[in-house]
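Next come the chains, spelled out residue by residue.
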Amino acid sequence: MSATIRLKRFGTKKRPYYRIVVIDKQAPRDGKTIDELGYYHPIEIEEKQIVFDAEKAKAWIAKGAIVSDTVRRIFNKKNFTIK
């Protein structure tokens, strides 16, 4: 099983919000998750848009989880760099 850190979509049409999750690479986008790291609300004000647990993210990356491009950009907005 290879894990991926990616977004899981919630909300209604034209009012999305996302959870940053660790999920099996082959699972569907909104499928069963392994762990939740935080959330991303693109409609909220700038300070409340992104919340995540950096320690959990580091632990999953150390275990070999692959970070999606979108989540990588979200992490970079919060100055959380990935090696």
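The following paragraphs examine the structure supplied in this document. (Residues numbered from 1 in each chain as written. Predicted model: local features only at pLDDT ≥ 70, side-chain atom pairs only at ≥ 80, totals over all residues. Heavy atoms only, no water.)

## A short note on the pattern of salt bridges
Phase 1: As enumerated under the stated definition, the model contains 3 salt bridges in all.
Phase 2: A salt bridge links R19 to E36; the shortest N-O distance between them is 3.3 Å. With R19 in strand β2 (residues 15-24) and E36 in strand β3 (residues 35-40), this pair connects stretches of sequence that are 17 residues apart.
Phase 3: Given a relative accessible area of 38%, E36 falls into the partly exposed group.
Phase 4: As a salt-bridge pair, K56 and D35 come within 3.4 Å of each other at their nearest N and O atoms. Here the residue K56 occupies a position in helix α1 (residues 54-62), and D35 occupies one in strand β3, the gap between them amounting to 21 residues.
Phase 5: Exposure remark for K56: the relative accessible area of 32% places this residue in the partly exposed category. (Salt bridge = Lys/Arg side-chain N within 4 Å of Asp/Glu carboxyl O. Helix = DSSP H or I, 4+ residues; strand = E, 2+ residues; numbered from the N terminus. Buried < 20%, exposed > 50% of the residue type's maximum accessible area, 1.4 Å probe, protein only.)

## What about the pairing of β3?
Consecutive residues of a regular strand have side chains that alternate between opposite faces of the sheet.
Phase 1: Bridge count between β2 and β3: 5 bridges; the pairing is antiparallel. In the strand pairing of β3, Y18 is matched with Y40.
Phase 2: By the bridge criterion, 3 bridges tie β3 to strand β4 (residues 50-52) in an arrangement that is antiparallel. Looking at the pairing, Y39 lines up with V51 of β4. (Pairing = 2+ DSSP bridges.)

## As for the nonpolar core
Phase 1: If you look at the biggest cluster of nonpolar residues, it comprises 17 residues, and the most contacted ones within it are I5, I20, L37, V71 and F75.
Phase 2: Counting only elements with at least two residues in this core, the list comes to β1 (3-12), β2, β3, β4, α1 and α2 (69-77).
Phase 3: Non-local contacts of I20, meaning those with residues more than four positions away in its chain, are made with I5, R6, L7, E36, L37, G38, Y39, F52, V71, I74 and F75. (Core = buried A, V, L, I, M, F, W, Y, C linked by side-chain atoms within 4.5 Å. Contact = heavy atoms within 4.5 Å.)

## Comments concerning the sheet that holds β1
Phase 1: The 5 strands are arranged β4-β3-β2-β1-β5 in an open sheet whose pairing can be described as mixed. The open sheet terminates on both sides in strands that have one partner only, identified here as β4 and β5 (66-67).
Phase 2: Most of the contacts of α2 go to β1, to which it runs at about 85 degrees, and overall it touches β1, β2, β3, β4 and β5. (Axes fitted to C-alpha atoms, helices over the stretch in contact; angles between N-to-C directions.)

Structural measurements only, silent on function.
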